[in-house]
Every structure is written in structure tokens, then in C-alpha cells.
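# Breakdown of the fold
As a plain string of letters, each chain reads:
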Amino acid sequence: PVPETAVTQDLSGLDVPATLGLGITATSGIGTNFRQAPESLGAGAEFIIFGVNLGAGFEVTDHLNLGISTTISFAQMDLGLASTSAETHALGLRGTLGLTYDVGATTLGAFYQSKQKHEYDSLISVDQNVFTNLSIEQPANFGFGIANSSLMGGDLLLMADYMFKQWSEAEFWQDVYEDQNVFSLGAQLTSGNWDWRVGYGYADDPTKDDATGPLGTLTEVNAGGIGAPILLPLTGAGGTPIVQYLQGTETEVIYKHRVTAGFGYNNFLGVPFLTLDTHIGMQMEEKRDYGIGSLPGGGHTSAEVSSWHTGFGLTWKFM
């Protein structure tokens, strides 16, 4: 479950061309679990970030709008092998700056989002009874988009977005991921109180093919437990297959294609200020091999990933 709630306040009644906002949501996360497979050495990971978002939007001119926000984040992570790590938490901070410009029925938009750093204390064992800290940064993001509502009397809204995720400059992730391009297309058809929506997105595989370690500040990990440590190198010739194995079991964000559909209904339950929105989406199945080995794809570790998601929201507007 990914909860999201927010409230905004329009200040135009005070002759201030601005809107204030406050929201809480999960902003990022990943989870894997291979602990029941003996060959995995207990590999598994859980990672989630919750964010408190404080924002403000300003009407600079009749056509130009500017938005800024700050996210104060609370992150939880469990990263490791053979129970040699425990869930720890950290606090982080990031900022976002965006703008839109209206040209008739066309709206142009762009945004920049800063990196988000979390420092996890005593996250993972690197020797018997020795735990180390680890810094992990979420990447900076750049994006721009265009929307047009000139067709079918304004009832058809078409949208296209592009986002660049700068993994190569994010501490820790830069050792397993390359920079990533994300493209999105969407359409919304309004008919009376109904809004019908479809979408398609493509994201290239960010897996770094020549990853050799270390992983952030980690040069080795303990895969044998606290009482009987087995130290695995993350550097040199012996470390390369370990790093690639960890890519395949803990960072396999390899899906490329996603499709979505949904609808919105205004005046839900006959209440003029209540809107219902719902959707369903799917990340199409992708498979790849990691490293050099004897598997059919030529690697020593294989990952196959797919997912689906659904959600709904209610919006109240009090004038």
C-alpha cells in the first residue's frame, strides 16, 4: 500500500496569487526476498521512503506559474545477506522547483528535483560484530512535458512527458545503475461527469553492465552471520561477480514497458464538491541475466520481474 494525502489552500481570496500545499506519501521503495532459497545466502532487501511535502505555487503572470516544494523524508532500509543487517532508518531532505507556461490550449512544463541523501547508521555487517554506516542518495531528476486540449472542443487532453534520472551522480546507486530515460504518454477524455484515462510509459533498463564495485563505501560484506562470518569482497576480480549477483537479487529494476487505465467521476455520490479517481496499471514482464556464466542468457544470475498496481482517490473541494 502507498498512502497519499494532501491539502491545498488557495490564497487568491486574500489578493495573493498563490496556493499553499501540505502532503504525506511514500516517495520511493523496492523489496526483494530470496531468503528461502539456500543458494541465495539469505539475500533480501527492503527499502521505503516516506515524505512530508511542503509546497507553494505562484501565479507569476497570466501564463506563467512557478512552484517550489521541500520534502522532509523518513527512510527505512534492510540491506544484506544471511541476516547480517537489520532495519535502520534515516532522515533526508530534498527540494523541487517547477514551472508551467500556458500558450492557448497548450501547456508546457518543466521541473528539477535535487538529490536526497540518507545516512544509515550501523546498517550492515562487514566482519564479526562490526557494522558499518552507509550513505545512499536518491538521484536528481529533470523533466519536461507538454499537454494540449484543443481537440474535441477541449474534451480530449493529450499529454507527453520526459524525465531524466541522474543515477550516475547518486552515491551508492551510481555503482549499480546508469542514468535513465523515462517517457510517458497519456490521454484523458471528458464526457459529462466522467473522465476516461489511458497511459503508456517506457523506461530504459538502468542496470550498469560494467559494475565492478565497491558499492558506495562497502568493499566487502559478511554473508555468514555474526557468529561465523564469511567475508565476500566487493572489489577486484573476485568481487565483480558478487556485485553482479547483488544487482540481480536486490536492484533488479529492469521492467521497461508499463500501461495504465483509469477513470474519474465528478459529483461522486451526488456531492458537487467530491471527485472519485481510480486506476489500474501493469509493468510488463522483463527478464535478463547478470555477469558471465552458464545460464541460457550467458550470465550466472537471472532475474525476471513484473508487477501490477491499482489505486483510488477522493478529492474534496471546499470553496
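Here goes a summary of the coordinates provided. Computed from a predicted model, the values in this text were never measured in an experiment. (Residues numbered from 1 in each chain as written. Predicted model: local features only at pLDDT ≥ 70, side-chain atom pairs only at ≥ 80, totals over all residues. Heavy atoms only, no water.)

## Describing the overall build of the protein chain
Where we set the bar: For helices the rule is a DSSP run of H or I covering at least 4 residues; for strands it is a run of E covering at least 2, with both sets numbered from the N terminus onward. The rule is simple: take the accessible area with a 1.4 Å probe, protein chains only, and divide by the maximum for that residue type; under 20% is buried, over 50% is exposed, in between is partly exposed. By the convention used here, residues are in contact when the closest approach between their heavy atoms is within 4.5 Å. Here, Shrake-Rupley sampling with a 1.4 Å probe gives the accessible areas, and only protein chains in the shown set may cover a residue. We treat Lys and Arg as the positive residues and Asp and Glu as the negative residues; His and chain ends play no part in the count. Every charge is mapped to an atom, namely NZ of Lys, CZ of Arg, CG of Asp or CD of Glu.
Within the protein chain one finds one helix and 17 strands. Projected onto its principal axes, the C-alpha positions of the protein chain cover 65 × 45 × 35 Å. Counting every position in the protein chain, which comprises 319 residues, the buried fraction comes to 34%. In the protein chain, of all internal contacts separated by at least 6 residues, the share reaching a separation of at least 24 is 55%. Put simply, the protein chain shows about 17,300 Å² of open surface, and 61% of that area lies on carbon and sulfur atoms. The distance from the centre of the 12 positive side-chain charges to the centre of the 34 negative ones in the protein chain is 2 Å.

## Digging into the packing of aromatic side chains
In plain terms, the rule: Stacked, tilted and edge-to-face are the three classes applied to pairs of Phe, Tyr and Trp rings, where Trp contributes its six-membered ring and a pair requires centres within 6.5 Å; stacked means planes under 30 degrees apart, edge-to-face means over 60, and tilted covers the rest.
Under the counting rule described, the total for this entry stands at 14 aromatic pairs. Ring geometry for phenylalanine 142 versus phenylalanine 164: centroids 6.3 Å apart, planes at 40°, classification tilted. Here phenylalanine 142, found in strand β9 (residues 140-151), pairs with phenylalanine 164, found in strand β10 (residues 156-166); they are 22 residues apart in sequence, far enough to count as distant. Relative to tyrosine 177, the ring of tryptophan 173 has its centre 5.5 Å away and its plane inclined at 10°; by these criteria the two rings are stacked. The residues tryptophan 173 and tyrosine 177 share a single accessibility class, namely buried. An aromatic cluster is present here, built from Phe47, Trp167, Phe172, Trp173 and Tyr177 joined pairwise through their rings.

## Looking at helix α1 (residues 236-250)
Cut-off, in case you're wondering: To estimate how far a helix should reach, multiply one less than its number of residues by 1.5 Å.
Its 15 residues place the ends of α1 21 Å apart at the C-alpha level, agreeing with the 21 Å of an ideal helix rising 1.5 Å per residue. Where burial is concerned, most of α1 is hidden: eleven out of the 15 residues are buried. Inspection of α1 places Gly239, Thr240, Ile242, Val243, Gln244, Tyr245, Leu246, Gln247, Gly248, Thr249 and Glu250 among the buried residues, and these make up the whole buried set.

## Focus on the nonpolar core
Most often, soluble globular proteins keep nonpolar side chains buried together rather than apart. Formally: By convention a nonpolar core is built from buried Ala, Val, Leu, Ile, Met, Phe, Trp, Tyr and Cys residues, the set being connected through side-chain atoms within 4.5 Å.
If you look at the biggest cluster of nonpolar residues, it comprises 31 residues, and the most contacted ones within it are Tyr120, Trp173 and Leu234. When residues no more than four places from it in sequence are discounted, the contact partners of leucine 234 are Thr212, Gly213, Pro214, Leu215, Leu218, Thr219, Glu220, Val221, Gly239, Ile242, Val243 and Leu246.

## Focus: the environment of valine 52
By secondary structure assignment, the location of valine 52 is in strand β3 (residues 44-59). For valine 52, a relative accessible area of 33% translates into the label partly exposed. Once residues within four sequence positions are removed from consideration, valine 52 is found in contact with Leu22, Gly23, Ile24, Thr70, Thr71 and Ile72.

## A few points about the environment of serine 168
Basically, it comes down to this: Throughout this description, a polar contact denotes any pair of N or O atoms lying within 3.5 Å of each other; where both atoms belong to protein, one of them has to be capable of donating a hydrogen while the other can accept it, and for residues adjacent in sequence the pair is counted only when both atoms sit in side chains.
Tracing the backbone shows serine 168 in the loop between β10 and β11 (180-191). When the C-alpha positions of serine 168 and proline 139 are compared, they lie 8.1 Å apart, and in sequence the two are 29 residues distant. Other than its neighbours up to four places away in sequence, serine 168 contacts Gln174 and Asp179. A polar contact is formed between the side chain of serine 168 and the side chain of aspartate 179, at a distance of 2.8 Å.

## Digging into the side chain of histidine 118
Among the secondary structure elements, histidine 118 is positioned in strand β7 (residues 116-127). On the basis of relative accessible area, histidine 118 is assigned to the buried category, the value being 1%. A polar contact is formed between the side chain of histidine 118 and the side chain of serine 73, at a distance of 2.7 Å. Excluding residues within four positions of it along the chain, histidine 118 makes contact with Ile49, Ser73, Ala75, Ala90, Leu91, Gly92, Leu134, Ser135 and Ile136.

## Some remarks on the pairing of β7
As a reminder, the rule being used: Paired strands, as defined in this entry, are two strands with at least two bridges between them according to DSSP.
Pairing geometry for β7 and strand β8 (residues 130-138), over eight bridges, is antiparallel. The residue of β8 that forms the bridge with histidine 118 is isoleucine 136.

## Some points on the pattern of salt bridges
The test is simple: Salt bridges are identified by distance alone: a Lys or Arg side-chain nitrogen within 4 Å of an Asp or Glu carboxyl oxygen.
According to the stated counting rule, one finds six salt bridges in the structure shown. With a closest N to O distance of 3.9 Å, aspartate 195 and arginine 197 form a salt bridge. Among the residues examined, arginine 197 registers a relative accessible area of 28% and is labelled partly exposed. Between arginine 288 and aspartate 205 there is a salt bridge; the shortest N-O distance is 2.9 Å.

## With respect to the side chain of threonine 275
Positionally, threonine 275 belongs in strand β16 (residues 274-290). Polar side-chain contacts of threonine 275 include one of 3.2 Å to the side chain of asparagine 266. If we ignore the near neighbours within four places in the chain, the residues touching threonine 275 are Tyr265, Asn266, Phe268, Gly313, Leu314 and Thr315.

## Let's talk about unusual backbone geometry
The peptide bond linking glycine 213 to proline 214 adopts the cis configuration, its omega dihedral lying at 0°. Within the element layout of this structure, proline 214 appears in the loop between β12 (194-203) and β13 (220-222). Of note, the phi angle at serine 122 is positive, near 50°, even though the residue is not glycine. One non-glycine residue with positive phi stands out, namely phenylalanine 172, at about 80°. With respect to the helices and strands, phenylalanine 172 occurs in the loop between β10 and β11.

## Observations regarding the environment of glycine 21
If you trace the backbone, glycine 21 turns up in strand β2 (residues 18-33). In this structure, the C-alpha to C-alpha distance between glycine 21 and histidine 89, residues 68 residues apart in sequence, is 26 Å. In this view, glycine 21 contacts Val7, Thr8, Asn53, Leu54 and Gly55; residues no more than four positions away in its chain are not counted.

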